[in-house]
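Chain by chain, the residues:
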Amino acid sequence: MKKIFVDSDVVLSSLLSSKGAAHFLLNEVDLELNISNISLREIERGIAKLSLDKNQLKILVKNRLKLIELKESTKKIKVDFENYIFDEDDAHVVAGAKKTKAKVILSYNLKHFNKQKISEDFGITVLTPAQYLQYLRSLT
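Definitions and limits used
Residues numbered from 1 in each chain as written. Predicted model: local features only at pLDDT ≥ 70, side-chain atom pairs only at ≥ 80, totals over all residues. Heavy atoms only, no water. Pairing = 2+ DSSP bridges. Helix = DSSP H or I, 4+ residues; strand = E, 2+ residues; numbered from the N terminus. Axes fitted to C-alpha atoms, helices over the stretch in contact; angles between N-to-C directions. Contact = heavy atoms within 4.5 Å. Phe/Tyr/Trp six-rings, centres within 6.5 Å; stacked < 30°, edge-to-face > 60°. Buried < 20%, exposed > 50% of the residue type's maximum accessible area, 1.4 Å probe, protein only. Salt bridge = Lys/Arg side-chain N within 4 Å of Asp/Glu carboxyl O.

Caption draft 1: Focus on the sheet that holds strand β1 (residues 3-6). Pairing is parallel across the open sheet formed by five strands, whose spatial order is β3-β2-β1-β4-β5. With one partner strand each, in any of the chains shown, β3 (65-68) and β5 (125-127) form the two edges of the open sheet. Here the strands of the sheet are splayed against their neighbours by 30° on average, with no regard to which way each runs. Relative to strand β4 (residues 104-106), β1 runs parallel, the two sharing three bridges. Among the inter-strand pairings, Phe 5 is bridged to a residue of β4, identified as Ile 105. Most of the contacts of helix α6 (residues 91-100) go to β1, to which it runs at about 160°, and overall it touches β1, β2 (32-36), β3 and β4.

Caption draft 2: Expanded view of the packing of aromatic side chains. For the coordinates displayed, the defined rule picks out four aromatic pairs. A centroid spacing of 6.3 Å and a plane angle of 50° characterise the contact between Phe 81 and Phe 122, whose relative ring orientation is tilted. Residue Phe 81 is located in the loop between α5 (74-80) and α6, and its partner Phe 122 is located in helix α7 (residues 115-122); the two are separated by 41 residues in the primary sequence. Owing to a relative accessible area of 11%, Phe 81 belongs among the buried residues under this scheme. Of the residues examined, Phe 122 reaches a relative accessible area of 22% and is grouped as partly exposed. Pairing Tyr 84 with Phe 122 gives two aromatic rings, centres 4.7 Å apart and planes at 40°, and the pair type is tilted.

Caption draft 3: The arrangement of the pattern of salt bridges in detail. Enumeration over the complete set of coordinates arrives at four salt bridges. As a salt-bridge pair, Lys 76 and Asp 80 come within 2.7 Å of each other at their nearest N and O atoms. Of this pair, Lys 76 and Asp 80 both sit in helix α5, four residues apart, which is roughly one turn of the helix. Residue classification places Asp 80 among the partly exposed residues on the basis of a relative accessible area of 41%. The closest approach of N and O atoms between Glu 88 and Lys 78, which form a salt bridge, is 3.8 Å. Of this pair, Glu 88 sits in the loop between α5 and α6 while Lys 78 sits in helix α5, and the two are ten residues apart along the sequence. Under the relative-accessibility criterion, Lys 78 is labelled partly exposed at 25%.

Rendered as structure tokens:
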């Protein structure tokens, strides 16, 4: 089973709609899904902003998402991973994926990542949920 690091936008999308690729991957497919403590804080802010049910997130984290701790400050993470991102607020996603030895980052913000450098240096592919779902379906 491939390790996947999930960006906060994908988690929020899965909570907003039960019909999309994000919801399907996070709820119906047997994957090892990881988020970080920094991602969790982002998701919690998004839930408050969108007036979503906090309990849905609690259930998702308990049943499907493995929470990993990034102990470095966000400032240090932004410096350490600046060559891998075009939006400094997504540096923690690459840091989390590297720490968990993920093979895939799921995100809707592909433009925020230097996909080629992430792939070359860490062997991690950055895909949208729909792209990853299409890949999985091609295997069967």
